[in-house]
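# Close look at the chain arrangement
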Amino acid sequence: MRARTLAAVGASAFAFAILEWVLPRALNPYYLTILTRIGVAIVAAVSLQLVNGFTGQFSIGHAGFMAVGAYASAALSVYLGSEWLAALASVLPVPLARALYFPLPLLAGGALAGVAGLLVGIPTLRLRGDYLAIATLGFGEIIRIVILNVDAVGGARGFALTGQNGADLRYEDLGAIYAVVAISVAVIARLAYSSAGLAFRAVREDETAAAAIGVATTRVKVLAFVVSSFFAGVAGALFAHSEGYIHTNSFSFVRSFEIMVFVVLGGLGSITGAVIAATVLTAAPEGLRGFGEFRMILYALLLIAVMILRPQGLMGSRELSLGALRGWLRGRRAAA
Amino acid sequence: MLRAARRAGGIALVASALWACGPGQSGGAGAAKDPIRVGHFASLTGDTATFGQSTDRGIRMAFEEVNAKGGVLGRPIELITEDDRSVTEEARSAAQKLIQRDEVVALLGEVASSRSLAAAPEAQRAGVPMISPASTNPRVTEVGDDIFRTCFIDPFQGAVMARFAFDDLKARRVAVLFDFKQDYSVGLAEFFRKTFQQLGGEIVADERYTSGDIEFRAQLTTIRGASPDAIFVPGYYTEVGLIAKQARELGLNVPLLGGDGWDSEKTIEIGGSAVEGDYFSTHYAADSDDPHVRDFVRRYQAKNGQVPDAMAALGYDAARILVDSMARAGKTEGPALRDAIAATKDFPGITGRITIDPQRNALKDAVVLKIDGGRFRYHRTVSAQ
Amino acid sequence: MENLLQQLVNGIAWGSIYALVALGYTMVYGVLRLINFAHGEVYMVGAMTGFYAAHAFGVADQPSALGLAATLVASMAACAVLGATIERVAYRPLRHAPRLAPLITAIGVSLLLQNAGQLVFGADPKFFPPLVASREAWRVGSLAVSNIQVTVLATALLLMAGLELVVMRTRVGRAMRAVAQDADAAALMGVPVDRIIQLTFVLGSALAGAAGILVGLSNPKIDPLMGLLPGLKAFVAAVLGGIGSIPGAMLGGLLLGIVETLVAGYLSSTYRDAIAFVVLIAILLYRPTGLFGSAQPEKV
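Because the structure is a prediction, the values reported are computed rather than measured.

### Describing the overall build of chain A
For chain A, the count of helices and strands is 14 helices and two strands. Here the C-alpha atoms of chain A give a radius of gyration of 20 Å, agreeing with the 20 Å that 2.2 N^0.38 yields for 336 residues. Over its C-alpha atoms, taken along the principal directions, chain A stretches across nearly 60 × 50 × 45 Å. In chain A, 84% of the contacts between residues at least 6 apart in sequence involve partners at least 24 apart.

Pasting the structure below:
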């Protein structure tokens, strides 16, 4: 046990070191941007997995919650953050000050998105299947249009993360960003495989039966929804602070569909599946430059093909773990 | 499960790191005959595609002429164009790609003010001078001292049309229908309103739409109820044509007025007879008598098979000013280039004599065109004073 | 008052387009309990086909009734084929899969058509040829009704009447109603369920195609992404009227058109798109069966 924990900690520290100090020097900033976008996609996908995959509630308005998180965190940084950052920077070395400040807009974005999730979830989670999907889509759009009309966060011009004093409030620290990603994934995984997670899956398998045996289905669904929206907000906040400029166009239902594709292709109910799908599908189109137009067509074809041929997606509801990997290898060797 | 999730994250990380370490792009140090890379981000496709395409053609023609004469400082210019698909945040991505991936020394773009506003901070941050050939919203150049424009700005343009409506058309009651989603339209409408009211006119209706809309009858009905003498529609050509048609169908037969967003052949193509007798302000008139303009029109037509519109002419001028600035600075990038652009004085452009003022905007005349007989016809010039 | 009347006229004309598209949604939902997300894209294909057909037939320059009729037929036929193909390839294999699977597939088909459309038709907007010369049809005081609005309304009403006739007065229509009520029982009674479902798709898609032509006439800007939002709104209209009910879809479409126009005219056009979603959520929460629908309890 101790050896394993030590190994895990060691691996994490090593990964952090590479992200924080090695890659930013070795890679062109264009590629660093892609790595950041992968991180955002992972958090978005895994948070959606909690609701769609584990609780079986098909929500397709996820981008709306990302928008809430992005804009809330951006507003905080632009209107208050620069002062706080300056205050911190006067007593601490700048990188430390920034590192201490950074969690604040993330938490603010997540919290507000979680509240939005509560407000949206309570009325809509009464609906089933197709209707829930459309209602969440509708809410996602309403949120987006409302934000578009708020001039204080830029409206149709978009919102740039420059403080009142002209300070650049971007946070592109890859190590910190991936630390947030890792923590988010860990928390969601913990929740999904806890006793609360059992309740989620009971609701997924058969909601009426679950209610019949005493599961507080509405509360369970709302819980999943709120946690999912919280992390969607965190993803949005990460996005806002790494891009340095946000526009409601980035949070349309196309984005919701993209994230849904990650979750479905990775396997409804598998966290590792969502992570892998998010990574591959975010990185690949950038790598295959000139394939931009074909990207969405490919997603769509993949989606249809997967639903018809392999509806459980890549991982089904299984996770990748060291034990499973060892078992699989042993199986291969035995067969050989 | 914690571990499993971490594993997956680790794998994803390693995979992407390996992939990312692959063919990296590194800019080479320039040898004497190395091309000078200039980036152009434009809306080659999407809603305002003709703007981007025309501008690109104008820029391209300018650079080809320069290269034919030996280039700048002995080096040819290489133009790299990125499409932003008429989408605001794509403009920012396009500018980023040009700056970081292609390592251009200067940026040309964009026509739409919203898109210039999205991209300008990137250029400013990287210290890459950016020249917008046609964005007229004043805020574009306020982003920083690396951002320039070679066209007039909306406070001037709005005033031009307000004066035209009041003095030439004798209009006293004007309705405004603007595009809420585009900074260009919002700004131009505001400046028009201010000047028109200062002159003593009345804004009898103020309606809005969103670019991409196709149905305007609701707003037009409200406008009709206010009995205006004219309607100011400071939008882009895609919507203007439709608005004109639907207005005529509703029995609204007063003249429509607009800004340089109308300057595209598509306005007439879509609007047809509905836009006959309407006026708009823009940067140049293709049917001008000026021999330089006539020559430019002839050369452009021979090369591209169509009459150049304002965007093509502006693109041409912006490209030539960039080249001229490089020649004057003796350098092709950085603060020296920026300062040379800022010092541009009385440059003989197709769209007028261009001087860059301390706010990095251009002091230029505007022309008012009339849509007459299915064509844009020169109506009058309004000087920059 | 005159303003209000004009807005109502505008709203009804605009709403009849929603109604035509909503009919397709409601019919498919009736027989398959499936929201055919791709339906909005069928409408887009209708508009695009009309554009190319009009140019191919050489009727694009001069308005003519024959040109309009030919384009309409071509477009409806193309959409009928498209609808049948989608059903066969994407939905039939999932007939017995859990409810989520066809929903996801439908989203996939929608995305596919949008993006393939951008590739095939080009992403730039196109301008639908004026097959009907636009002018005022008649005037009562300041109430102006354009001949195009009249054409749109008349065509929509005719097609809806035709559909109602088919569904209520023919054997085929009876078979469709039977499958909608209980597919297994209908099969036991000898109804060829697969063929009936296919026919449902064919009819619904043809109507969407017609809607595409009509919108091309009255709002001539068309592009490959034009179907997404109207598709969703037409779905809202179907839900408003009671999903599964044909008169409901008609009424829902007209109502939604009127509400949207009134909001744009009297409040602000920036909320025009949002209002459809607000209506949707209100309906789903307070009267999920819509105006004419009937409750369908879920059993364990």
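### Looking at the overall build of chain C
Secondary structure assignment for chain C yields eleven helices and four strands. Taken against the 2.2 N^0.38 rule, which gives 19 Å for 300 residues, the C-alpha radius of gyration of chain C at 19 Å falls within 12% of a compact globule. Looking at chain C residue by residue over its 300 residues, the buried ones come to 59%.

### Structural notes on the packing of helix α10 (residues 246–267) of chain C against helix α11 (residues 272–286) of chain C
All names here are of chain C. Contact pair α10 / α11: the axes reach a minimum separation of 9 Å and the direction vectors enclose 135°. Classed by the angle they form, the pair α10 and α11 counts as oblique. Like other packed secondary-structure pairs, α10 and α11 cross with a definite hand, here right-handed. Here Leu 256, Val 259, Glu 260, Val 263 and Ala 264 of α10 come into contact with α11, specifically with Arg 272, Ile 275, Ala 276 and Val 279. Considering only residue class, the contact of α10 with α11 consists of seven nonpolar, no polar and two charged.

### Overview of the pairing of strand β15 (residues 375–382) of chain B
All names here are of chain B. With seven bridges connecting them, strand β14 (residues 366–372) and β15 associate as antiparallel partners. Residue pairing for β15: Ile 371 is matched across the bridge by Phe 376. Where β14 hands over to β15, the hairpin turn is made up of two residues, of which Gly 373 adopts a positive phi near 65°.

### Considerations on the interface of chain B and chain C
Often, the extent of an interface is quoted as the loss of accessible area upon association of its parts. Facing the 26 residues of chain B at the interface are 25 residues of chain C. If you list the elements that add at least two residues to the side of chain B that touches chain C, you get β7 (202–209), α8 (217–225), α9 (237–249) and α10 (265–271) of chain B. Looking at the side of chain B that touches chain C element by element, the count peaks at seven residues for α8(B).

### What to know about the sheet that holds strand β11 (residues 347–349) of chain B
Residues and elements named next belong to chain B. Taken together, three strands build an open sheet; the order of strands is β11-β12-β13 and the sheet is antiparallel. Of all strands in the sheet, those with a lone pairing partner are β11 and β13 (362–363), marking the two edges. Direction of pairing for β11 relative to strand β12 (residues 352–356): antiparallel, over a ladder of three bridges. Directly across from Phe 347, in β12, lies its bridge partner Ile 354.

### Observations regarding the sheet that holds strand β6 (residues 173–179) of chain B
All names here are of chain B. Spatially, the seven strands line up as an open sheet ordered β7-β6-β8-β9-β10-β14-β15, and their pairing is mixed. For this open sheet the edge positions go to β7 and β15, each flanked by a neighbour on one side alone. Sheet twist, expressed as the mean angle between neighbouring strand axes with direction ignored, is 25°. Most of the contacts of helix α7 (residues 183–199) go to β6, to which it runs at about 165°, and overall it touches β6, β7 and β8 (230–232).

### A look at unusual backbone geometry
All names here are of chain B. Looking along the chain, the bond that leaves Gly 109 and enters Glu 110 is cis, with omega of -10°. Along the chain, the position of Glu 110 falls in the loop between β3 (106–108) and α4 (113–126). At Leu 73, a residue that is not glycine, the phi angle is positive and equals roughly 50°. Mapping Leu 73 onto the fold places it in the loop between α2 (49–68) and β2 (77–83). Although it is not a glycine, Arg 85 adopts a positive phi angle of roughly 55°. Along the chain, the position of Arg 85 falls in the loop between β2 and α3 (88–101). Classification of Arg 85 by C-beta neighbours within 10 Å gives buried; the count is 21.

### Regarding the environment of C:Val215
All names here are of chain C. The residue Val 215 is located in helix α8 (residues 193–218) in this model. Between the C-alpha atoms of Val 215 and Ala 249, which are 34 residues apart in sequence, the distance is 18 Å. Setting aside its immediate chain neighbours within four residues, Val 215 contacts Ile 17 and Ala 47.

### Considering the nonpolar core
Grouped together as the largest cluster of nonpolar side chains are 351 residues, with contacts concentrated most on A:Ala45, A:Tyr71, A:Phe262, C:Ala19, C:Leu20 and C:Leu280. It is helix α1 (residues 2–32) of chain C that contributes the most residues to this core, 17 residues altogether. Composition of this core by domain shows at least three residues from each of domain 1 (36–152 + 290–365) and domain 2 (155–282) of chain B. In contact with A:Ala45, other than residues within four places in its own chain, are A:Ile259, A:Phe262, A:Val263, A:Ala274, A:Ala277 and A:Ala278.

### Things to note about helix α8 (residues 195–205) of chain A
Residue and element names in this part refer to chain A. Buried within α8 we find Gly 197, Ala 199, Phe 200, Val 203 and Arg 204. Seen from one end, α8 has its buried residues packed into an arc of 155°, which puts them on one side. Turned more than 90 degrees from where α8 packs its buried face, Ser 195 and Glu 205 sit exposed. Those residues of α8 that are buried are in contact with α2 (29–54), α7 (174–192), α9 (207–212) and α10 (217–243).

### So, the pairing of β6(B)
Successive residues of a regular strand alternate their side chains across the two faces of the sheet. Residues and elements named next belong to chain B. Counting buried positions along β6 gives six out of seven residues, so the element sits mostly inside the fold. As judged from the seven bridges shared by β6 and β7, these two strands associate in the parallel manner. Note that in β7 the partner of Phe 178 across the bridge is Arg 208. Taken together, β6, α7 and β7 form a β-α-β motif whose crossover is right-handed. By the bridge criterion, three bridges tie β6 to β8 in an arrangement that is parallel. Bridge pairing links Val 176 to Phe 232 in β8.

The rules behind each value
Residues numbered from 1 in each chain as written. Chains lettered and ligands numbered in written order. Predicted model: local features only at pLDDT ≥ 70, side-chain atom pairs only at ≥ 80, totals over all residues. Helix = DSSP H or I, 4+ residues; strand = E, 2+ residues; numbered from the N terminus. Rg over C-alpha atoms; globule rule 2.2 N^0.38 Å. Contact = placed C-beta atoms within 7 Å. Buried ≥ 20, exposed ≤ 12 C-beta atoms within 10 Å, placed from the backbone. Axes fitted to C-alpha atoms, helices over the stretch in contact; angles between N-to-C directions. Parallel < 35°, antiparallel > 145°, perpendicular 65-115°, else oblique. Left-handed = near helix turned anticlockwise from the far one by under 90°. Nonpolar A, V, L, I, M, F, W, Y, C, P; charged D, E, K, R; others polar. Pairing = 2+ DSSP bridges. Core = buried A, V, L, I, M, F, W, Y, C linked by C-beta atoms within 7 Å. Domains from an automatic or database assignment. Arc of directions from axis to C-beta. Right-handed = clockwise from strand over helix to strand, strands pointing away.

Keep in mind these numbers describe shape, not what the thing actually does.
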